[in-house]
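Coordinates in review
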Amino acid sequence: VGSGSAVSLSRQVQGTGGSSAVSKCSAAARGYIQDRFLRLLAGRRRRRAPLIHRGYYVRARAVDHCVQDFLLKTQSLPRTQILSLGAGFDSLYFRLKDMGLLHHTVVYEVDFPNVACQKATLIKGIKELSALVGDTGGEGLGAIAFSGEDYKLLGVDLSELSELERILEEAGLNNEIPTLFIAEVVLTYMENTRSDALVQWAAEHFPQGCFLLYEQVHPEDPFGHVMQQHFSQLNTALHSLALYPDCEAQQRRFLRKGWTECSVMDMNEFFTCCIPEDEQQRVQTLEPFDEYEEWHLKCSHYFVLAASKGMEPPWTPLLPSVTVPRHAGPVGMAGSVPAAVCARLSGVPGLRRYGHRSVLIKPNVILTTGGFGEEDGQHCRMRNFHVLSKQAGCWEAGCVTQNIPDKRWGERLYHTVSCLSDTLALVVGGRTSPSSAGLGMLWLKFPKTCNASGPDNVAVELVSVQPAAEAAVLRWRHSTTEMTFKGEQFLFVYGGRSALEPVLGDWYFLRAPELSCTAIAVEGPVPERRHSHSACSWEGGVLIAGGLGAAEQPLGSVFLLRELEHGFQWQTVETHPPLVPRYSHTAHVHEGKLLLVGGVWFHASSVPGVTVIDLMTGLCLDYVINVEHLEWPLMLHNHSSIFLPDEKELLVIGGGGNCFSFGTHLNPEPVSLSLSSILISR
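Since the structure is predicted, the reported quantities are computational estimates derived from the model, not experimental observations.

1. Focus on the sheet that holds strand S10 (residues 353-354)
With antiparallel pairing, three strands are arranged side by side in an open sheet as S10-S13-S14. Only two strands of the sheet have a single partner each, and these edge strands are S10 and strand S14 (378-381). In the sheet, strand S13 (residues 372-375) pairs with S14 via four bridges, with the strands oriented antiparallel. By the bridge assignment, Phe372 is partnered in S14 with Arg381.

2. Looking at helix H5 (residues 113-125)
Here H5 contains 13 residues, and its C-alpha end-to-end distance of 18 Å stays within 8% of the 18 Å for a straight helix at 1.5 Å per residue. Residues of H5 that are buried: Val115, Ala116, Lys119, Ala120 and Ile123. Projected down its long axis, H5 shows its buried positions confined to an angular sector of 135°, all on one face. Away from its buried face, by an angle of more than 90 degrees, H5 presents the exposed residues Thr121 and Gly125.

3. Brief notes about the pairing of strand S1 (residues 80-85)
The element S1 is extensively covered by neighbouring structure, given that six of its six residues are classed as buried. Alternating residues of S1 divide into Thr80, Ile82 and Ser84 and Gln81, Leu83 and Leu85, and every residue in both groups is buried. In the sheet, S1 pairs with strand S2 (residues 105-111) via six bridges, with the strands oriented parallel. Paired with Gln81 across the two strands is Val106, which belongs to S2. Handedness of the crossover joining S1 and S2 through helix H4 (residues 92-98): right-handed. Strand direction decides the pairing type here: S1 and strand S5 (residues 179-184), joined by five bridges, are parallel. Opposite Leu85, over in S5, you have Ala183 as the bridge partner.

4. What to know about the domain arrangement of the protein
How big an interface is tends to be expressed through the accessible area that disappears when the partners come together. Partitioning the protein into structural domains gives domain 1 (2-309) and domain 2 (333-674). Taking only C-alpha atoms into account, the centre of domain 1 sits 41 Å from that of domain 2. Contact residues are listed per partner, giving 31 residues for domain 1 and 34 residues for domain 2. Both faces considered, domain 1 and domain 2 share a buried interface measuring about 2,700 Å² in area, 62% of it formed by carbon and sulfur atoms. Together, Asp290, Tyr292 and Glu293 form the three largest contributors to the area buried by domain 1 at its contact with domain 2, with a combined 24%. Viewed at the interface, domain 2 and domain 1 are joined by 16 residue pairs in polar contact (both at pLDDT 80 or more). At the level of elements, helix H3 (50-73), helix H9 (222-233), helix H12 (267-274) and helix H14 (292-300) are the ones that each hand at least two residues to the side of domain 1 that touches domain 2. In the side of domain 1 that touches domain 2, the residues fall into 14 nonpolar, nine polar and eight charged.

5. Topic: the side chain of Gln216
With respect to the helices, strands and loops of the structure, Gln216 is situated in strand S6 (residues 209-216). Beyond its immediate stretch of four places on either side in the chain, Gln216 contacts Val185, Thr188, Met227, Phe231, Leu238, Leu241, His301, Tyr302 and Phe303.

6. What to know about the pairing of strand S21 (residues 479-485)
Extensive coverage of S21 is indicated by the burial of five of its seven residues. When S21 meets strand S22 (residues 488-494), the two strands line up antiparallel, connected through seven bridges. Looking at S22, one finds that Thr481 is bridged to Phe492. Hairpin connection between S21 and S22: a loop of two residues separates the two successive antiparallel strands, and Lys486 in this loop has a positive phi of roughly 55°.

7. Some points on the packing of aromatic side chains
All told, the structure shown has 32 aromatic pairs when counted by the stated rule. With 6.2 Å between their ring centres and 80° between their planes, Phe181 and Trp201 make a pair best called edge-to-face. Taken together, the residues span a long stretch of sequence, with Phe181 in strand S5 and Trp201 in helix H8 (residues 192-205) at a distance of 20 residues. Look at Phe181 and you get buried, because its relative accessible area is 1%. Its relative accessible area of 6% is what places Trp201 among the buried residues. Site record: aromatic cluster; members linked through ring pairs are Phe485, Phe490, Phe492, Tyr494, Trp507, Phe509, Phe559, Phe568 and Trp570. In this structure, Arg54 packs its charged tip against the face of Phe289, placed 3.8 Å from the ring centre.

8. Notes on the nonpolar core
Core analysis: the largest hydrophobic core is formed by 83 residues, its most contacted members being Val67 and Phe270. With 12 residues, H3 is the single largest residue contributor to this core. Residue-level mapping places this core at the junction of two domains, with at least three residues from each of domain 1 (2-309) and domain 2 (333-674). Filtering out sequence-adjacent residues up to four positions away, Phe270 remains in contact with Val58, Arg61, Ala62, His65, Met265, Ile275, Val304 and Leu318.

9. Description of the packing of helix H7 (residues 161-171) against H8
Where H7 meets H8, the closest approach of the two axes is 11 Å, and the angle between their N-to-C directions is 40°. Taken together, the axes of H7 and H8 lie oblique to each other. Handedness of the H7/H8 crossing: right-handed. Residue-level contacts link Leu161, Leu164, Glu165 and Leu168 of H7 to Ala197, Leu198, Trp201 and His205 of H8. Class assignment of the residues belonging to the contact of H7 with H8 gives a composition of six nonpolar, one polar and one charged.

What counts, and where the lines are drawn
- Residues numbered from 1 in each chain as written.
- Predicted model: local features only at pLDDT ≥ 70, side-chain atom pairs only at ≥ 80, totals over all residues.
- Heavy atoms only, no water.
- Pairing = 2+ DSSP bridges.
- Helix = DSSP H or I, 4+ residues; strand = E, 2+ residues; numbered from the N terminus.
- Expected span 1.5 Å × (residues − 1).
- Buried < 20%, exposed > 50% of the residue type's maximum accessible area, 1.4 Å probe, protein only.
- Arc of directions from axis to C-beta.
- Right-handed = clockwise from strand over helix to strand, strands pointing away.
- Domains from an automatic or database assignment.
- Contact = heavy atoms within 4.5 Å.
- Buried area = accessible area lost by both parts, 1.4 Å probe.
- Polar contact = N/O pair within 3.5 Å; in protein donor to acceptor, adjacent residues only side chain to side chain.
- Nonpolar A, V, L, I, M, F, W, Y, C, P; charged D, E, K, R; others polar.
- Phe/Tyr/Trp six-rings, centres within 6.5 Å; stacked < 30°, edge-to-face > 60°.
- Lys NZ or Arg CZ within 6 Å of the ring centre and 35° of its normal.
- Core = buried A, V, L, I, M, F, W, Y, C linked by side-chain atoms within 4.5 Å.
- Axes fitted to C-alpha atoms, helices over the stretch in contact; angles between N-to-C directions.
- Parallel < 35°, antiparallel > 145°, perpendicular 65-115°, else oblique.
- Left-handed = near helix turned anticlockwise from the far one by under 90°.

In structure tokens, the structure reads:
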């Protein structure tokens, strides 16, 4: 690398550190982390989104958890030291000092010379910081930007290992005492030969060493592609991912480079297993929040690793405080389902969206409503309705003839649409923002002959509804399913969430078409509360599968609400092997088989494809989606899907979301999944 481009690259990497400090500062301002020093070090202040706050909270929590465990386990020793690699404007030293945890520990921080210089200047200029650290006057000597009694700030490029070693020795680092190395999203920006050399050097030169690593994994799934693209655009490519794409590869790396103990967790597992339940609940209620899919995907793409050698007893900070059922090993796939872009639908505006609903309003006519997406090059809540219709074997797209600037529509996301006849569909619930009350009901009316002359000729009229029970409809991420009782048509509204309740477990029977709330007896084991589940009509009853439960944990249960003579009964559908817990999927029933499409699960080794559950035998088979013919990542959450039984074809419309700080990904065009090979008629 030429020196000019090396300087440019170091500036880009430094930029990520500055952005990270601002995000941590914003999270602290909202009460996620207690840290009064961040605002002094971060410089500029900017409020970030709740999703960013959660992401930086779990990162800070993981680092603190491991650092404090190291200090606790070594508190009886006369001297220890911490070496923070690529520390940037981090406040770790000041927090530990303020908490009285550094009685016999010296903290060394290393970063690029200009970053170390800037930080040294900040510390000297802010009384609150300089008073804590003291000053022995050793700074300004070559690479030592600041020197206090128990704090040394060094300016050196980490990739120059011999120079790093020389300067650390000059600053007083002692190889013979227990040392904790911290690398928080640092090594991945270095060439792998250099980062590997650093990992090995630390193991070889420190007989009692511990190493804490936090960075990214899983580059090849859809979220991973978006993540990689983001860092490449910043000119800060993530080098580690090519050689160490998952947690197991990172663990093998450390064991091969001389470390004797090594444990690793992705951040979903860390949040669930290492953070006490009351603290989880505190964080989950700090701000209105409704980006669960992106939160869990972000957590499955970052890990924390703790390695050690020569420590007695061994350093094992990543021991779960609670035991949760884990799906060990990869999900076994029974086969694959081919995905293809639908002809003539590329580049159609209005179909790039998520949190929307699509419904078959007539044979070969699909109406898509609501959600968040892209219109006129802008990301926004979607007001316009869109229609797909099949003409001469090909799907064509068009807008509804009368666009709907109707205030009653309310730009809603996460609603339901149920088609009750060939001229009538019912919209239930949905939301604008997660802090607002849910939206009510609307009828959508359309003429009988709307598929006669192509997709641009569909008129939809909105008609307000006064529901009998407001509580039944002021919700989102719920399900509304057609069912029958004693020969009459009903709608079954179940679960979801509201502005007041993060997860609901209640249900309502609405008699169609007058939508009066009807009390019908229900017996059997009541399913646990959930939202973002799937619900399908089957044999007059309702099949509920998956969802996100009360503790923001995906569920793997399947229930059937079955008609009895006097009412209904909840029955558990046993699946074998057990269904991998998931949510934000879609579902359809075909010839006694329940099809689950996409969704989010905590199982980071693969993404959900199509799962087929035989409702007679309980046999549960997972199929991977073959995306080799797609030129973009297919994100199968927050999508909608339509099943066409004659063709054994699934049409997936929209899907995607706001991928943490990496940008919004919207599936650019509808995709057809051919299920003919996995649905053999009986």
